[in-house]
Amino acid sequence: GNGPSGICLSYLLSGYTPYFKRHSLHPHPILQRKLEEAPEVSVLDQDLEYLSEGLEGRSHSPVALLFDTLQRPDTDFGGTAESVLTWWHEPDRAIPHLVLGRNAPGGAWHSIEGSMVTLSKGEWMGLPDLPFKEWLKQKRRGLRNNRATAEDIAQYYQHYVMKKGLQKNFMCGTVVTSVRKVSAESISNHTQKDLQEDSDSLWNSNEKSAEVFQVDGFFKTEEGDKEPFSIYAENVVLATGTYDNPTWLGVKGENLSYVHHQLSALEEAVKNNSVGIMSDPVLIVGAGLTAADAILFAHHCNIPVIHVFRRRVTDPGLIFNQLPKMMYPEYHKVLQMMKEQTAACAGPYECYISLPEHHVLSFGKDKKCIFQDKNGCQKAYKISMALVLTGSNPNLSFLPNNGIDLAIDSDQPVNSKRNPIDVDPFTYECTQEKGLYALGPLAGDNFVRFVQGGALAVASSLLKKANKNPP
C-alpha cells in the first residue's frame, strides 16, 4: 500500500534518521529527561517502550503517541511548538524495499472527492520533516479553518515522495494477488512441484528450511495489459488501509442499480443531472463522517435528503458529539439538522428529513424503500437513489484465509475499528506470523498523524534485524 503509512515507512527505510534536537525543550518533562539521556543515539535505535511509557493522548498506541508528540509537541493544546527532532540522511543505513500501490503515492486520498475538507487539522496530515503548512504556503494558499482539502493532501503526498527522493522505491499501478510463505529451497529449484508439496498449512510453512514471502501480482501497463510479477522478500508490511470494501446492510434489493455504497455515486449523479432539486429524495444511510459529507454535498446542491441511522441523536458514540464545535462548524450543522428535522416535526431546514433509530428493511424495484423504527413501525418512501455509507472493510483477499488468522479475534474478518490485526505494540510485527507487519488502519491506527508511529516501530524493528544499528 502506498498511502501515508507506506510513504512514511519508505522515508524511514531510506536512511532518513531522527535524532533529538540538542537544546530543544519538550513540554513533557519526563520525556525531555529521557531524550537528554542519549541525544547522540537515533530515536530509531532507542528503546521505544521506555520512551513512550506514560504518554497519554488520542491514540491507543504508545509508539503513535511518542512519534506524534516528538513532531508536534503540544498540538492537542492548540500550541505550535516546533518538532524536537532533527533529521539526518545516513544512506548506509537504508534498507532496500519496494512500495507497491494501485495508484499514485497517496493511496485512498486520490479517490476522495477533491474538494472535501479533512476531519483533521491540516498540520496533522503532514509527514516527517516537510510541514504541510509550509508546502501549502508555497502554493500560496491558506488553510480554511486550519483544515485542508483532500486534493491538497493527495498532491502533498505525491510531492513528498518526489522531494524526499523516494520515487525509486515506489511501483505504482500494481495489484497484489497473493502473499504466502515459501521455503527458500523451492525458489532456487523453481519447480511448481515443490510449492505444491509444501502447501500443507495455510501459510505453506515448512519448518525444515529458511522461509521467505512470495508476493505475486500484476502491473497495469499503459496499454491496459496485465504483466505478472513475483517478488521474494524476508519481510512484508501490510499497509493497504480500509477503504476497499464498503460495508453492505445485507437487506433485500441492496444490489439494485439505484443503491450505491460510495459517496462518488452522488457526485456522478449530480454531474449527469440525474438528481436535482425536483427529484425524489436521495436516501443516505449511516451516521459517520462520510454520510455527513454526503448530506452537506446534497444540501449544497439543494437536493432533498432522507437520512436514516440506527443511533439516537444524543448517543455519545455518535462521532458528531465528539467533535469541537468551533473547528467543525459544518459537521455541527449536520448534527443540528439531525436533531431538529426528524420526520415527526418539521424543522427549519427544507429538503432534509432525519429518521433516527430506524433501519432499512428492503429496497424495492420501484425505488420504494421500507424502513422500520425501534418500535417495529414501518414506513415507505419513494426515493431517487440510495447511498449506504456505513463504513468499510479492508480487502485482504491476497492473504491466506483473507487474513482472518492474523486478527485479534481470529473468527471474525479484519476491521480497523472492531477487529484489527494483532501486532506487537513496539514493532508492529504480526503476533501470528513473524516477518509480516501491519500498519495504519489494519493495525487500528485510523488517523494520519498516528499511523507514523507504527512506521517508526517497523523501521526500528527492521533495522535491528538487518543489524544496521550503530553500536
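As annotated in an unreviewed UniProt entry, the protein carries the name Oxidative stress-induced growth inhibitor 1 and comes from Erythrocercus mccallii. UniProt lists a comment for the protein under the heading Subcellular location (unreviewed entry), and it reads "Midbody".

> A description of helix 11 (residues 329–340) should follow, citing residues and the corresponding values.
Think of an α-helix as turning once every 3.6 residues; residues three or four places apart then point the same way. With twelve residues, helix 11 extends 16 Å from end C-alpha to end C-alpha; this agrees with the ideal 16 Å at 1.5 Å per step. Those residues of helix 11 lying buried are Glu330, Tyr331, Val334, Leu335, Met337 and Met338. Angularly, the buried residues of helix 11 cover 160° about the axis, an arc narrow enough to put them on a single face.

> Which residues make up the side chain of glutamine 214, and what values do they have?
Tracing the chain through its elements places glutamine 214 in strand 8 (residues 211–220). Given the relative accessible area of 6%, glutamine 214 is considered buried. A polar atom in the side chain of glutamine 214 sits 3.1 Å from the side chain of aspartate 216.

> Residues and numbers for the sheet that holds strand 13 (residues 282–285), please.
Taken together, the five strands give an open sheet; going across it, the order is 12-19-13-14-15, and neighbouring strands pair in parallel fashion. Looking at which strands have only one partner, the edges of the open sheet turn out to be strand 12 (259–260) and strand 15 (352–355). Here four bridges tie strand 13 to strand 14 (residues 305–308), and the two strands are oriented parallel to one another. Residue pairing in the sheet places valine 285 in a bridge with valine 308 of strand 14. Against the sheet, helix 9 (residues 264–271) makes contact with strand 12, strand 13 and strand 19 (385–388), and its axis sits at roughly 155° relative to strand 19, the strand it touches most.

> Describe the packing of aromatic side chains, naming the residues involved and giving the relevant values.
Inspection of every chain in the model, using the stated rule, returns eleven aromatic pairs. Arranged with centres 5.1 Å apart and planes meeting at 55°, the rings of tyrosine 11 and tryptophan 87 form a pair that is tilted. Of this pair, tyrosine 11 sits in helix 1 (residues 4–13) while tryptophan 87 sits in strand 2 (residues 85–89); the two residues are 76 residues apart in sequence, bridging distant segments of the chain. Assigned by exposure class, tyrosine 11 and tryptophan 87 land together as buried. Judged by centre distance (6.3 Å) and plane angle (80°), the rings of tyrosine 258 and phenylalanine 363 are edge-to-face. Taken together, the positions of tyrosine 258 in the loop between strand 11 (245–246) and strand 12 and phenylalanine 363 in strand 16 (residues 358–363) put the pair 105 residues apart, joining distant regions of the chain. The structure contains a cluster of three or more aromatic residues connected by ring pairs, namely Tyr11, Tyr16, Phe67, Trp87, Phe132, Tyr156, Tyr157 and Tyr160. Stacked on the ring of tyrosine 50, the Lys or Arg lysine 34 has its end atom at 4.8 Å from the ring centre.

> Residues and numbers for the environment of aspartate 225, please.
Here aspartate 225 lies in the loop between strand 8 and strand 9 (226–233). Residue aspartate 225 is classed as partly exposed on the basis of its relative accessible area of 46%.

> Lay out the environment of phenylalanine 297 in plain terms, naming residues and giving numbers.
Residue position: phenylalanine 297 is located in helix 10 (residues 289–300). Phenylalanine 297 gets classed as buried once you look at its relative accessible area, which sits at 18%. Expressed as a C-alpha distance, the spacing of phenylalanine 297 and glutamate 267, which sit 30 residues apart in the sequence, is 8.2 Å. Excluding anything up to four places from it in sequence, phenylalanine 297 contacts Leu266, Glu267 and Val270.

What counts as what
- Residues numbered from 1 in each chain as written.
- Predicted model: local features only at pLDDT ≥ 70, side-chain atom pairs only at ≥ 80, totals over all residues.
- Heavy atoms only, no water.
- UniProt positions renumbered as here; feature names shortened; annotations may be inferred.
- Helix = DSSP H or I, 4+ residues; strand = E, 2+ residues; numbered from the N terminus.
- Expected span 1.5 Å × (residues − 1).
- Buried < 20%, exposed > 50% of the residue type's maximum accessible area, 1.4 Å probe, protein only.
- Arc of directions from axis to C-beta.
- Polar contact = N/O pair within 3.5 Å; in protein donor to acceptor, adjacent residues only side chain to side chain.
- Pairing = 2+ DSSP bridges.
- Contact = heavy atoms within 4.5 Å.
- Axes fitted to C-alpha atoms, helices over the stretch in contact; angles between N-to-C directions.
- Phe/Tyr/Trp six-rings, centres within 6.5 Å; stacked < 30°, edge-to-face > 60°.
- Lys NZ or Arg CZ within 6 Å of the ring centre and 35° of its normal.

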